[in-house]
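Structural overview for review
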Amino acid sequence: MKRSQLQKCFKSLNKGDTLTVYKLDRLGRSLGDIISLLDDLKAQGVAFQSVTEAIDTTTPTGRAMWQMLGIMAELERSLIVERTKAGREAAKIRGVVMGRKPKLSKQQIEHAKKLLAGQEHISNVAKSLNVSVRTLYRAIEKTPVI
């Protein structure tokens, strides 16, 4: 959240001040952002008001609404996690391979193994394949011995 004007606003607030916004969505881009910002305000001792949504953290009702927002944000995060997990499982069933593509093909790994068996230094082999020594070690470790 690199919003310079909002940061200036937050820096100018003192304990006992009230930050008032016309509409809640002007404060943050997502419910999680809004909750985080409201938590920061609370830690500074700054009250919050939203004119359109009638949220005022100086009143018991306003604090209850703020807590309900927190509950909704947690629900939203949980649903996103569930959907992501379900999407990954469905992709795996369809045969989608997750993660980055390997830097080295099977042929390159076999070639590297032959060079190393011929007493070629690993740093020279890695350089010839345009990868780091660690990447070469990982590729060799993952490849089964034939």
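First, a word on what this report is: a plain description of the structure on this page. (Residues numbered from 1 in each chain as written. Predicted model: local features only at pLDDT ≥ 70, side-chain atom pairs only at ≥ 80, totals over all residues. Heavy atoms only, no water.)

Of note in the backbone geometry, Gln 119 takes a positive phi value of approximately 70° without being a glycine. Relative to the assigned elements, Gln 119 resides in the loop between helix 4 (106–117) and helix 5 (122–128). Phi at Asn 130 takes a positive value of approximately 60°, unusual for a residue other than glycine. Among the secondary structure elements, Asn 130 is positioned in the loop between helix 5 and helix 6 (133–142). Relative accessible area serves as the criterion here: at 69%, Asn 130 is assigned to the exposed category. (Helix = DSSP H or I, 4+ residues; strand = E, 2+ residues; numbered from the N terminus. Buried < 20%, exposed > 50% of the residue type's maximum accessible area, 1.4 Å probe, protein only.)

On to the nonpolar core. Within the largest apolar cluster, 18 residues are counted, with the highest numbers of intra-cluster contacts made by Phe 10, Leu 19, Leu 27, Leu 38, Leu 41 and Phe 48. Counting residues per element, the ones that place at least two in this core are helix 1 (4–12), strand 1 (18–21), helix 2 (31–44) and helix 3 (60–93). At five residues, helix 2 tops the list of elements feeding residues into this core. When sequence neighbours within four positions are dropped, the list of residues in contact with Leu 38 reads Leu 27, Phe 48, Trp 66 and Leu 69. Ala 112, Ile 122, Val 131 and Ala 139 belong to the second largest nonpolar core, which has 10 residues in total. (Core = buried A, V, L, I, M, F, W, Y, C linked by side-chain atoms within 4.5 Å. Contact = heavy atoms within 4.5 Å.)

Attention now goes to helix 4. If you check helix 4, its first and last C-alpha atoms are 16 Å apart, about what 12 residues at 1.5 Å a residue would give, namely 16 Å. Just past helix 4, the residue Gln 119 takes up positive phi, approximately 70°. (Expected span 1.5 Å × (residues − 1).)

Let's shift gears to the packing of helix 2 against helix 3. At a minimum axis distance of 9 Å, the contact between helix 2 and helix 3 shows a crossing angle of 140°. Here helix 3 runs oblique to helix 2, going by the angle between their axes. Like other packed secondary-structure pairs, helix 2 and helix 3 cross with a definite hand, here left-handed. Contacts between helix 2 and helix 3 involve Leu 31, Gly 32, Ile 35, Leu 38, Asp 39 and Lys 42 from the first element and Trp 66, Leu 69, Gly 70, Met 72, Ala 73, Glu 76 and Arg 77 from the second. Across the contact of helix 2 with helix 3, the residue classes tally to seven nonpolar, two polar and four charged. (Axes fitted to C-alpha atoms, helices over the stretch in contact; angles between N-to-C directions. Parallel < 35°, antiparallel > 145°, perpendicular 65-115°, else oblique. Left-handed = near helix turned anticlockwise from the far one by under 90°. Nonpolar A, V, L, I, M, F, W, Y, C, P; charged D, E, K, R; others polar.)

With mixed pairing, the three strands of this open sheet are ordered in space as 1-2-3. Only two strands of the sheet have a single neighbouring strand rather than two, namely strand 1 and strand 3 (55–56). Looking at chain direction, strand 2 (residues 47–50) and strand 3 are connected through two bridges and run antiparallel. Opposite Ser 50, over in strand 3, you have Ile 55 as the bridge partner. (Pairing = 2+ DSSP bridges.)

What follows covers the environment of Gly 118. Locating Gly 118 in the fold gives a position in the loop between helix 4 and helix 5. Taking relative accessible area as the criterion, Gly 118 reaches 56% and is therefore assigned exposed. A C-alpha to C-alpha distance of 46 Å links Gly 118 and Lys 85, two positions 33 residues apart in sequence.

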